[in-house]
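Analysis of the macromolecular model
So the chains spell out like this:
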Amino acid sequence: RIAYVNGRYLPHSDAAVHIEDRGFQFADGVYEVCEVRHGVIVDLTRHLDRLERSLGEIRITLTMSRMALSQVIREVLRRNRVRNGLFYLQVTRGAARRDHVFPPEATPATVVVTAKSTDPSIVAKKNANGIKAITLPDNRWDRVDIKTVGLLPNALARQQAKEAGAQEAIYVDKNGMVTEGAATNVWIVDRDGVLRTRPAEHGILRGITRTTLMDVAAAKGIAIREEAFSVEEMLAAREVFITAATSICFPIVEIDGRTIANGHPGGMSQKIREAFFDIAE
Ligand code: PDD
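If you're wondering where the values come from, they're calculated on a predicted model, not measured in any experiment.

Some points on the environment of Ala 16
Its place among the elements puts Ala 16 in the loop between β2 (8-11) and α1 (22-26). Among the residues examined, Ala 16 registers 11 C-beta atoms within 10 Å and is labelled exposed. Along the primary structure Ala 16 and Ile 146 are separated by 130 residues, whereas in three dimensions their C-alpha atoms are 25 Å apart.

Next up, the structure:
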C-alpha cells in the first residue's frame, strides 16, 4: 500500500509524521472519509466543501489548492488500485514544539491521504441481516459539527458496543433524544411511517451521506422530517438505520438487546440504498 504524506508518496509501512505533530499531541486536525464505488469517488465535492468548513472553524490554513488535493486523492487511489473502497484524508496544524497556542504562521499543515479496498461481501451481509447497536449518553464536546480527529469518546463508545456484541453505539443527549452514532447518522421510520432524522443544526455532524440521502428521498417522493426522536420512539420505530460514507445505509435490527419491529431489515433502507448511487455524484 502507498500513502501520501506532505508531498511524498511512500510505502504505507514507512509513511510517518513527526512526533511533535499537533495531530498527535492535541488531536489538532480534521479529516474526511469518502467512499469509492466502481472507480468513482462518491460525493467528492461535498466532502471537500465540508473539509474546508472544518478547517475554517478551527483556523487551519491549507495552502494546497482543491485541485491539487483532488489530484493527490486520485493518485493515491490509483497507486493502491482501489475501485471499491475508501480514502482517508487528514489535515493537522503541522509539527511544532509543544505549546497549546498555535505555532508560527509559517508552519505548514500536515496532509496525509491513505486508501484501501473494501470487501463488498461484508457490506452485503450487514445489509441483508442488519446490525446491532447500543445506546449511551453523549459525552462529547459541543462542536461535533466539526469533523475533528479528536475521536476518543467515539472510539470508547464503539469499543463498548463491540464488547456488548453490537456494531454501533448510538448517542443520547441529556433530554433522552438521539443525537447520532459514534461514526454514523441515525434515521427512523416512525410509528406513522414518517422518515425522520435529527436536524443538523445542533448536536451532530452534518453527514454527507445524510445530505445525499435527502436528495435520494426527494427524487423518490419520500417525505423526510428533520425532527429529533427519543430513545423510546426509536425502539418503537418501524425501521432504524444508520448512514455514513463507509456504510451508506445499514439497517439496525436490535438496540440494547431489544428487537426493532420484526427483527428484519425494513423496506425503506433497502429502497434508499438501491437508489443511492444513481443520485450520488
Ligand atoms: N464518520 N457522524 C459522525 C460522528 C461520523 O463520524 C460520521 C462519519 C458521520 C457520517 O458522515 P458521512 O455521511 O459524511 O460519512 C456522522 C466517518 C465515516 C469515520 O469516522 O470513519
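Having seen the structure, we can now continue with the description.
So, the domain arrangement of the protein
The domain boundaries assigned to the protein delineate domain 1 (2-118) and domain 2 (123-279). In this structure, domain 1 and domain 2 have C-alpha centres spaced 26 Å apart. Of all the secondary structure elements, the ones that give two or more residues to the side of domain 1 that touches domain 2 are β3 (29-37), α2 (44-57) and β5 (85-92). No other element matches the 8 residues that β3 contributes to the side of domain 1 that touches domain 2.

Here's the deal with the packing of helix α6 (residues 208-219) against helix α8 (residues 267-279)
One way to put it is that α6 packs onto α8 with a least axis distance of 9 Å and a crossing angle of 105°. Classified by the angle between their axes, α6 and α8 sit roughly perpendicular to one another. On the side of α6, the interface is formed by Thr 212, Leu 213, Asp 215, Val 216, Ala 217 and Ala 219, while α8 contributes Ile 272, Ala 275, Phe 276 and Ile 279. Tallied by class, residues from the contact of α6 with α8 come to 8 nonpolar, 1 polar and 1 charged.

Some details on the sheet that holds β5
The 6 strands are arranged β2-β1-β6-β5-β3-β4 in an open sheet whose pairing can be described as antiparallel. Both edges of this open sheet fall to β2 and β4 (40-41), since each of them pairs with a single strand only. Bridge analysis of strand β1 (residues 2-5) against strand β6 (residues 110-117) gives 2 bridges, and the strand direction is antiparallel. Residue pairing across strands places Val 5 opposite Val 112, the latter belonging to β6.

Conventions used here
Residues numbered from 1 in each chain as written. Predicted model: local features only at pLDDT ≥ 70, side-chain atom pairs only at ≥ 80, totals over all residues. Helix = DSSP H or I, 4+ residues; strand = E, 2+ residues; numbered from the N terminus. Buried ≥ 20, exposed ≤ 12 C-beta atoms within 10 Å, placed from the backbone. Domains from an automatic or database assignment. Axes fitted to C-alpha atoms, helices over the stretch in contact; angles between N-to-C directions. Parallel < 35°, antiparallel > 145°, perpendicular 65-115°, else oblique. Contact = placed C-beta atoms within 7 Å. Nonpolar A, V, L, I, M, F, W, Y, C, P; charged D, E, K, R; others polar. Pairing = 2+ DSSP bridges.

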